[in-house]
Amino acid sequence: MSYLLRLVVPDRPGLLGAVATALGVAGIDIVSVDVLERGGGVAVDDVVVDLPRDRLPDSLITVAQTVPGVQVEALRPFHGPLDTHRELDLLEALARAAEGTQVKLLAAELPRVFHSGWAAVVRADGETLAASDAAPGFEGVPLPWLPLSSPLLLPSEDDWLPERWREMAIEMMAAPFGDPDTAVVLGRSGGPVYRRSELLRLTHLTGIASTVAHLPPL
């Protein structure tokens, strides 16, 4: 079983290596590492690991935090390795896709790029243009943040969220897509929260994708 560990570690040489060593000694294999942010003396890293069948997920937290200064921000099951090249693969696929299918392809593939639970392309009038598997229904849900002129983090405690979504602790982020009344929304239940670096990546990717899909510029 693979798990995604989001770690906050002191930004000092050798700290991530010390975590890798601790995991290795415990028989836990690291599949991939993605450095999300650096600043203020700390780094935020997403680490995907393979956990042996005889180990409990909580043991990952215990092992990681044996390294002084390391904090586990989130732990959740994960399917598929982190791969930043997926962004380029997605853009190439959009360029090859038949006209009229690009938006559906974007919604289907974005969760893999951002290791999220789902993605949807929604409009201010409540219409869902496309959605991946597991995306919640936006019909009838007020979206007070639309129109959207700039990217936005949508925390799980926001007042506009339906009660069930808050109970599921759905973290979201959104970026305008083609015009201010249309947005790409990504979400994951139970965290980890989206970081500003992820929001910037989404904004950059959707900007290019809207051009590839021949949508009108913002």
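Our subject is the structure that appears above.
Keep in mind it's a predicted model, so treat the numbers as computed, not measured.

Trainee: When you look at the nonpolar core in this model, what are you seeing that I'm missing?
Mentor: What tends to happen in soluble globular proteins is that the nonpolar side chains get buried as a cluster. Among the nonpolar cores identified, the biggest contains 22 residues, and Leu106, Leu110, Phe114, Val184, Leu186 and Leu202 are the most heavily contacted of them. For this core, the secondary structure elements donating two or more residues are α3 (86-96), α4 (102-113), β5 (118-123), β8 (170-177), β9 (179-189) and α6 (196-212). Ignoring sequence-local partners within four residues, the contact set of Leu106 consists of Leu90, Leu94, Phe177, Val184 and Ala209. Among the nonpolar cores identified, the runner-up in size contains 19 residues, and Leu23, Leu60, Val63 and Ala64 belong to it.

Trainee: Help me understand the pairing of β5, please; the structure alone is not making it clear to me.
Mentor: Where a strand is regular, its side chains alternate between the two sheet faces. With 5 of 6 residues buried, β5 lies mostly within the body of the structure. Here β5 runs beside β9; their pairing, made up of 6 bridges, is antiparallel. Across the sheet, residue Arg123 finds its bridge partner in β9, namely Thr182.

Trainee: Honestly, the sheet that holds β9 in this entry has me stumped. Any pointers?
Mentor: The pairing of strands in a sheet happens through backbone hydrogen bonds and is either parallel or antiparallel. Taken in spatial order, the 5 strands make up an open sheet running β6-β5-β9-β8-β7, and their pairing is antiparallel. Looking at strand neighbours, the two that pair on one side only are β6 (128-131) and β7 (152-154), the edges of this open sheet. On average, each strand axis in the sheet is tilted by 20° relative to the strand beside it, whichever way the strands run. As defined by bridge partners, β8 adjoins β9 across 8 bridges and the pair is classed as antiparallel. Among the inter-strand pairings, Met172 is bridged to a residue of β9, identified as Gly187. Of the strands in this sheet, β5, β6, β8 and β9 are in contact with α4, which crosses β5 at around 145°. Its contacts with the sheet place α6 against β7, β8 and β9, and it is angled at close to 35° to β8.

Trainee: Would you explain unusual backbone geometry in this entry?
Mentor: Across the chain, the bulk of peptide bonds are trans and the bulk of non-glycine residues have phi less than zero. Looking along the chain, the bond that leaves Leu146 and enters Pro147 is cis, with omega of 0°. Residue Pro192 follows Gly191 across a cis peptide bond; omega there is 0°. Here Pro192 is to be found in the loop between β9 and α6. Not every positive phi belongs to a glycine, and His115 is a case in point at roughly 35°. For His115, the position within the fold is in the loop between α4 and β5. Here the phi dihedral of Ala134 falls at roughly 75°; this positive angle occurs in a residue that is not glycine. Relative to the helices and strands, Ala134 is located in the loop between β6 and β7.

Here is what the cut-offs are and how they apply
- Residues numbered from 1 in each chain as written.
- Predicted model: local features only at pLDDT ≥ 70, side-chain atom pairs only at ≥ 80, totals over all residues.
- Heavy atoms only, no water.
- Core = buried A, V, L, I, M, F, W, Y, C linked by side-chain atoms within 4.5 Å.
- Buried < 20%, exposed > 50% of the residue type's maximum accessible area, 1.4 Å probe, protein only.
- Helix = DSSP H or I, 4+ residues; strand = E, 2+ residues; numbered from the N terminus.
- Contact = heavy atoms within 4.5 Å.
- Pairing = 2+ DSSP bridges.
- Axes fitted to C-alpha atoms, helices over the stretch in contact; angles between N-to-C directions.

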